Amino acid sequence: MKVAFQIDQLGFAAPGGIGTYVWELLLAFMDAAPEEVLPFHAPFAHGSPPLAIPTRSGKLGVELRIPARYSYPGWTYAGLPPLPRSLGACDAVHITNPAGIPRVRRRQKLVVTVHDLAFEHFPEAFPPRWLRLYRAGLRAVGKRADAVITPSRATADDLLSRTDIDPSKVHVTPLASSRGKVNDHEEPSSALRVPRPFILCASTIEPRKNQVRLVRAYRKIAGSVPHSLVLAGPNGWRHDDLDAELATEGLGTVIRTGRLDDWELDALYRDADAVAYPSLYEGFGLPVIEAMERGVPVVASTTPAVAETAGDAALLVDPEDVDALAGALERVLTDAELAADLRARGLARSAGFSWEATARATLDVYRQAIGAS
């Protein structure tokens, strides 16, 4: 079996959770089946620097000639341009972001990962060009894909409720905590000039991630706890909503870190007294598992995929209820017994997720798709 594995997301300005998925799954493939997976990517502009691709076999992967800004709409709307001959020997092609869905060769199988349907739930949060592309991509998935991977049962159900994709083609492969580089500094958050104690929210800054309500909830309790609120992540679409909120007067201290390296984010996770993840919609909710693996109590939203990921190991609240979110944060920060219970539950919960398991499940999807022929 030979599979072409798309890693375009690693070249995005804000790779986000999909970038983590691509990177960690590729690393796991290199451990489990290095000769079976061939990375490929489209440049994002002529002259883009090559992506750093981890390999065990010495192969550097395949770079397509046409930049993504042209190939994505061409693939999705017309099935053109064709994939290069260098991928022709592969039994399957795995597209890891459904914005651009190519046609594969007659004997090949197409596998597509649909991470979420945020573009359907929050269309106003997407630039019009990308919204059209994602919607057309979803239609192309229904017509062309031999197998569809989702990170949660909630996302699979969402997908099946909005499309006529054959349910037998849909496979759930949960994600896991990032294995990014760990910092060796003795005082990691101090090295980042983030004083303790603090609440951490690790996410791209955009309306769907709900940081505006989180700031409002934090300000409600800032007078009774010594914690600051740390918003860790790069700016995404419509981050101006958060800018406007932070420009208003309020109690407490809100720190924005911008983009962080793996070790910097790991340091913040380990030093946080609580992690808040009040996202309005997710396909999985990686920060929930990342916090739990590091023994940090979590306050998260009741949205289906996040609740599925968290299980009974987080304090779940309606993400649109600012008072409920404030109350949950205050409980976790002031109730030592509750915080200890959440830490223990989180460590046990996160132990059930690993990228090795994700890689094995994904390889099984490939084999099933190829064997179905």
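Up top is the structure.
These numbers were taken from a predicted model, which means no experiment stands behind them.

Q: Please set out the pattern of salt bridges residue by residue, giving values where relevant.
A: Counted under the stated rule, the structure contains 19 salt bridges. Residue Glu 245 is joined to Arg 219 by a salt bridge in which the shortest nitrogen-to-oxygen separation is 3.5 Å. Of this pair, Glu 245 sits in helix H8 (residues 240-246) while Arg 219 sits in helix H7 (residues 211-221), placing them 26 residues apart in sequence. Across the pair, Arg 219 and Glu 245 agree in class, each one buried. One connected set of salt bridges, linked through shared partners, spans Glu 206, Arg 208, Lys 209 and Glu 282.

Q: I'd love a proper account of the packing of aromatic side chains, names of residues and values included.
A: Summed over all chains, the structure comprises nine aromatic pairs. Look at Tyr 72 and Trp 130: their rings are 6.5 Å apart centre to centre, the planes differ by 90 degrees, and that puts the pair in the edge-to-face class. One end of the pair, Tyr 72, is in helix H2 (residues 68-78); the other, Trp 130, is in helix H4 (residues 128-144), with 58 residues separating them in the sequence. Residue class for Tyr 72 comes out buried when judged on its relative accessible area of 2%. Here Phe 126 and Tyr 134 contribute two aromatic rings whose centre-to-centre distance is 5.9 Å and whose plane-to-plane angle is 80 degrees, an arrangement assigned as edge-to-face. Put simply, the rings of Tyr 72, Trp 75, Phe 119, Phe 126, Trp 130 and Tyr 134 touch in pairs and so form one group of aromatic residues.

Q: Give me the lowdown on the sheet that holds strand S7 (residues 170-172), citing residues and values where you can.
A: In space, the seven strands of this open sheet follow the order S3-S2-S1-S4-S5-S6-S7, with parallel pairing throughout. Strands with a single pairing partner mark the edges of an open sheet, and in this sheet they are strand S3 (62-63) and S7. Where strand S2 (residues 37-41) and S3 come together, two bridges link them in parallel fashion. Its bridge partner being in S3, His 41 is matched across the sheet by Glu 63.

Q: Let's hear about H2: which residues, and what values?
A: Turning to H2, its buried residues are Ala 68, Ser 71, Tyr 72, Gly 74, Trp 75 and Thr 76. On the buried face of H2, the contacting elements are strand S1 (3-6) and H4. Taken from the residues just after H2, Gly 79 is the one with a positive phi, measuring 75 degrees.

Q: Tell me about the nonpolar core, and please be specific about residues and values.
A: Within the largest apolar cluster, 52 residues are counted, with the highest numbers of intra-cluster contacts made by Phe 5, Phe 29, Leu 200, Val 288, Met 292 and Val 298. In terms of residues, this core owes the most to one element, helix H1 (residues 16-32), which gives eight residues. Leaving out residues up to four positions away in the same chain, Phe 5 has contacts with Val 22, Leu 25, Leu 26, Phe 29, Val 37, Leu 38, Pro 39, Phe 40, His 94, Thr 96 and Tyr 366. If you look at the next biggest cluster of nonpolar residues, it comprises 40 residues, including Val 93, Ala 118, Phe 119 and Ala 156.

Q: Account for the pairing of strand S4 (residues 92-95), naming residues and giving values.
A: In S4, alternate side chains face the same way, and those of Ala 92 and His 94 on one face and Val 93 and Ile 95 on the other are all buried. When S1 meets S4, the two strands line up parallel, connected through three bridges. Each bridged residue has a counterpart across the sheet, and for Ala 4 the counterpart in S4 is Val 93.

Q: So what about the environment of Thr 253? Which residues, and what values?
A: Topologically, Thr 253 is positioned in the loop between H8 and strand S10 (254-258). On the accessibility criterion, Thr 253 (44% relative accessible area) is partly exposed. Thr 253 sits 26 residues away from His 227 along the chain, and the two C-alpha atoms are 7.9 Å apart. What Thr 253 contacts, discounting residues up to four positions off in sequence, is Tyr 218, Ser 228 and Leu 229.

The rules behind each value
- Residues numbered from 1 in each chain as written.
- Predicted model: local features only at pLDDT ≥ 70, side-chain atom pairs only at ≥ 80, totals over all residues.
- Heavy atoms only, no water.
- Salt bridge = Lys/Arg side-chain N within 4 Å of Asp/Glu carboxyl O.
- Helix = DSSP H or I, 4+ residues; strand = E, 2+ residues; numbered from the N terminus.
- Buried < 20%, exposed > 50% of the residue type's maximum accessible area, 1.4 Å probe, protein only.
- Phe/Tyr/Trp six-rings, centres within 6.5 Å; stacked < 30°, edge-to-face > 60°.
- Pairing = 2+ DSSP bridges.
- Contact = heavy atoms within 4.5 Å.
- Core = buried A, V, L, I, M, F, W, Y, C linked by side-chain atoms within 4.5 Å.

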